[in-house]
Structures are given as C-alpha cells and as structure tokens.
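Residues per chain, in single letters:
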Amino acid sequence: QVQLVESGGGLVQPGGSLRLSCATSGSADILVIGAMGWYRQSPGKHREFVATITSGGSTDYADPVKGRFTISNGNAENTVYLQMDNLKHDDTAVYYCTAVLRVRTSQLRYWGRGTQVTVSS
C-alpha cells in the first residue's frame, strides 16, 4: 500500500526546535509529481499550508513560518524534512505531509496520517 509516512513530532517548549520527516513507502516505483509539502491543522481550524519543495530544491513558505522553518529534500529518494526552529505556541498542530504520487499508471494526491507538534511550557 502506497503511503506517506511522517515522523518527528512531539512536545517542545517555546523557542525550541523539532525536525519532521516524511517519506514514501509501499512501492519501489513511486514518482513524485511536482512538489512535496507540509500542511498543518490546529483544533477548530482549517488545514493550512506550511511549506513545499520541488525535486530541484525550489521552496515556498507560508508567511507565519518564514525565517523559522526550513524544508529540504533528503538524501533518500522521495524524502523531505521540515526543520522547525524558534517554535511558538501558535505552531501547535497536527502536521501532514502531502504529495502527488504516480505509481505505474495511477496518479493521486496522497496525505500522511499526520504527526502531532505541541509547543508548550
């Protein structure tokens, strides 16, 4: 079963750092179409864009995280990281990895199950 798998969430104090990871799994023939990205959702709020990165390294960030978060491609194929520094209470959310994946003749947008990030003192 093809899926995106996130890891790296947890509890951190304000001003602290976390690094999230996301990788594809379930098939050796997965092609990422376009960019891999991160979204987040806080209780009572809509899911919102955080950051994206293309295979060529072009990045885009939401204004609230610019200068604090860094998205990067991993050395392993179809892997992406989100380095989060100077975390704030408002960054508390479930973080989801997403990408359009092509597997043989099928092309779909996939979402991971999410990883919880809690910023609290």
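Quick caveat, the model's predicted, so the values are computed rather than measured. Position labels on residues start from 1 in each chain and follow its written sequence. Residues qualify for local features only when their pLDDT is at least 70, as the model is predicted, and side-chain atom pairs are given and counted only at 80 or more; totals for whole chains, interfaces and linings, by contrast, use all residues. To obtain the side-chain values, all non-hydrogen atoms of the structure were used and water was disregarded.

Draft legend 1. Representation of the pairing of strand β1 (residues 3-7). To sort residues, take the accessible area from a 1.4 Å probe on protein chains only and compare it with the maximum for the residue type: under 20% means buried, over 50% means exposed, and anything in between is partly exposed. Secondary structure follows DSSP: runs of H or I at least 4 residues long count as helices, runs of E at least 2 residues long count as strands, and numbering of each begins at the N terminus. What you see with β1 is a clean split: Leu 4 and Glu 6 sit on the buried side and Gln 3, Val 5 and Ser 7 on the side with no burial. The pairing criterion for strands is at least two bridges between them, as found by DSSP. As paired elements, β1 and strand β3 (residues 18-25) share 5 bridges and run antiparallel to each other. Each bridged residue has a counterpart across the sheet, and for Ser 7 the counterpart in β3 is Ser 21.

Draft legend 2. Quick peek at the side chain of Asn 78. Relative to the helices and strands, Asn 78 resides in the loop between β7 (69-73) and β8 (79-84). In this structure Asn 78 comes out as buried when scored by relative accessible area, which is 16%. Between N or O atoms, a polar contact is any pair within 3.5 Å; within protein, one atom must be a potential hydrogen donor and the other a potential acceptor, and residues adjacent in sequence are included only when both atoms are from side chains. Engagement of the side chain of Asn 78 in a polar contact is seen with the backbone oxygen of Ile 30, the distance being 3.2 Å. Any two residues whose heavy atoms approach within 4.5 Å are treated as being in contact. For Asn 78, the residues in contact, after removing those within four places along its chain, are Cys 22, Ala 23, Thr 24, Ile 30, Val 32 and Met 36.

Draft legend 3. Structural detail: the pattern of salt bridges. Basic side-chain nitrogens of Lys or Arg form a salt bridge, by our definition, when they fall within 4 Å of a carboxyl oxygen of Asp or Glu. Tallied over the entire structure, the rule returns 4 salt bridges. Across the pair Arg 40 and Glu 48 runs a salt bridge whose closest N-O atoms are separated by 2.6 Å. Residue class for Glu 48 comes out partly exposed when judged on its relative accessible area of 36%. The salt bridge partner of Asp 91 is Arg 40, with a shortest N-O separation of 2.9 Å. Here Asp 91 is found in the loop between β8 and β9 (93-103), whereas its partner Arg 40 is found in strand β4 (residues 30-41), with 51 residues between them in sequence. An identical accessibility class is assigned to Asp 91 and Arg 40; each is buried. Connected through shared salt-bridge partners, Arg 40, Glu 48, Arg 68 and Asp 91 make up one network.

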